[in-house]
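Remarks on the overall topology
What follows is each chain in one-letter form.
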Amino acid sequence: MSTTSTGQSTGADAVAPASAPASATSRDAGPLLRATDLVKEFAVPGTGGLLGRADTFRAVDGVSLEVHARETLALVGESGSGKSTTARIVARLTDATSGEVVFDGEPVTHAKGDRLRRFRSDVQVVFQDPYSSLNPRHTVERIVTAPLVYQGREVPGGARAFTQQLMERVGLDPDHHRRYPSQFSGGQAQRIGIARALAVSPRLVVCDEAVSALDVSVQAQIINLLRRLQREEGFSYLFIAHDLAVVRQIADRVAVMSQGRIVEQGERDAVFDDPQHEYTRTLLAAVPRIRPEWERARREAAAARATTTSDPTATATATATATEEETTA
């Protein structure tokens, strides 16, 4: 495999694996997706003058990655590191300045016509903001069946039955197939986006910050949904995120991006437990952690405050409450 990890330790992980890692057999068979030396440059507005050549900004600088069958590769990094641009190139939503994308052994960097249509069926995207990615004038039924209609494919069993079946699979009320996106919460709207992606039975789903705009409790629900669908359907994920706590729950492998480059990649546990690059260590250090000594100090302070009262019941209640909060945290 051409992608290598600069951190290969296998430390114990307190978090259960999000999904079964890709089997050795599937990896030996070659990657489902391979991107090699991707470069994307954008012209800088206001430079170059009338006849001069505009300055360029290199958002993606020589990125190479692989995604194997039935695995989740998480692409992580701070905002502006080039994650989403890489995802858009891989999904053929943006053309690369240079580099190559190969899907299932076939180059798709410059695919057109029927080949591009097949690729669109194989690779689907779930976007960050569900409301901006769903047409507010269309019903759920029209949104979910749109990929099939645009590709000239027949909707199995009819639009209504097909939509209701997908809505039920992603945890939505099938009777709401005639509603509009504005009538759903953020988490529900994201489920609609996931249902739309599933409509064409993709082999790779690109999740571009798919949970970052959601509340924490809703994030957990969507992550569990994505994991369940992967187990049932067997597709792969390219999961774009900046939240390392989320990444640790869902990823099999991790690639860390900084300033348009991948600075470290490898198995999830190796990257999290023994990061080799300074940037990776900085990202991990920024993850909030609850320190036991802080909790003990808070509990002792609460008990000390309670002792200033003459009510012994208040003291016991304050201590019990602090202990319970510590256990819950």
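About the criteria used
Residues numbered from 1 in each chain as written. Predicted model: local features only at pLDDT ≥ 70, side-chain atom pairs only at ≥ 80, totals over all residues. Heavy atoms only, no water. Helix = DSSP H or I, 4+ residues; strand = E, 2+ residues; numbered from the N terminus. Buried < 20%, exposed > 50% of the residue type's maximum accessible area, 1.4 Å probe, protein only. Contact = heavy atoms within 4.5 Å. Areas by Shrake-Rupley, 256 points an atom, 1.4 Å probe, with all protein chains shown as cover. 1 Å grid on protein atoms, 1.4 Å probe; cavity = no way out; pocket = protein on both sides within 12 Å on 5 of 7 lines; lining within 4 Å. Points joined across faces, edges and corners; volume = space filled by probe spheres on them. Axes fitted to C-alpha atoms, helices over the stretch in contact; angles between N-to-C directions. Parallel < 35°, antiparallel > 145°, perpendicular 65-115°, else oblique. Left-handed = near helix turned anticlockwise from the far one by under 90°. Nonpolar A, V, L, I, M, F, W, Y, C, P; charged D, E, K, R; others polar. Core = buried A, V, L, I, M, F, W, Y, C linked by side-chain atoms within 4.5 Å. Pairing = 2+ DSSP bridges. Polar contact = N/O pair within 3.5 Å; in protein donor to acceptor, adjacent residues only side chain to side chain. Salt bridge = Lys/Arg side-chain N within 4 Å of Asp/Glu carboxyl O.

**Here we look at the overall build of the protein**
- Along the backbone of the protein there are 13 helices and 10 strands.
- Looking at the protein as a whole, 47% of its 329 residues are labelled buried.
- Residue pairs in contact within the protein that sit at least 24 positions apart in sequence constitute 69% of those at least 6 positions apart.
- Accessible area of the protein: about 16700 Å², with a carbon and sulfur share of 50%.

**Re the layout of surface pockets**
- Its volume calculated, the largest pocket comes out at about 430 Å³.
- Around the largest pocket, the lining is made up of 19 residues, and of these Gln 124, Phe 127, Pro 147, Tyr 150 and Arg 196 lie nearest the centre.
- Looking at the lining of the largest pocket element by element, the count peaks at 4 residues for helix H5 (residues 140-150).

**Topic: the packing of helix H7 (residues 186-198) against helix H8 (residues 216-233)**
- Where H7 contacts H8, the axes come no closer than 10 Å and their chain directions differ by 15°. Classified by the angle their axes make, H7 and H8 are roughly parallel. By crossing handedness, the relation of H7 to H8 is classed as right-handed. Each of Gly 187, Arg 191, Ile 194 and Leu 198 in H7 lies in contact with H8, whose residues at this interface are Val 218, Gln 221, Ile 222, Leu 225, Leu 226 and Leu 229.
- Considering only residue class, the contact of H7 with H8 consists of 7 nonpolar, 2 polar and 1 charged.

**So, the nonpolar core**
- Membership of the largest hydrophobic core comes to 50 residues, with the highest contact counts inside it found for Ile 194, Cys 207, Leu 226, Phe 239, Val 247 and Val 254.
- Formed by 28 residues, the second largest nonpolar core is a distinct cluster that contains Leu 33, Val 60, Leu 75 and Ala 255.

**Focus on the sheet that holds strand S4 (residues 98-103)**
- The strand order S2-S1-S4-S5 describes an open sheet built from 4 strands, whose pairing is antiparallel. Lying at the two open borders of the sheet, with one neighbouring strand each, are strand S2 (56-67) and strand S5 (106-107).
- With 5 bridges connecting them, strand S1 (residues 33-43) and S4 associate as antiparallel partners. Counterpart to Val 39 in the pairing with S4 is Ser 98.

**Side note on the side chain of Gln 190**
- Mapped onto the elements, Gln 190 comes out in helix H7.
- From its side chain, Gln 190 meets the backbone oxygen of Phe 127 in a polar contact 3.0 Å long.
- Beyond its immediate sequence surroundings of up to four residues, Gln 190 is in contact with Val 126, Phe 127, Gln 128, Pro 130, Ala 210 and Leu 214.

**Notes on helix H2 (residues 83-90)**
- Of all 8 residues that make up H2, 6 are buried, and the element is covered over most of its length.
- Taken together, the buried positions of H2 are Lys 83, Thr 85, Thr 86, Ala 87, Ile 89 and Val 90.
- Taken from the residues just after H2, Arg 92 is the one with a positive phi, measuring 60°.

**Overview of the pattern of salt bridges**
- Taken as a whole and assessed by the stated rule, the structure comprises 17 salt bridges.
- The residue Arg 261 makes a salt bridge to Asp 61 at a minimum N-O spacing of 2.9 Å. Of the two residues, Arg 261 is situated in strand S10 (residues 261-267) and Asp 61 in strand S2; the sequence distance between them amounts to 200 residues.
- On the accessibility criterion, Arg 261 (47% relative accessible area) is partly exposed.
- In this structure Asp 61 comes out as buried when scored by relative accessible area, which is 17%.
- In this structure, Asp 269 and Arg 268 form a salt bridge, with 3.2 Å as the shortest nitrogen-oxygen distance.

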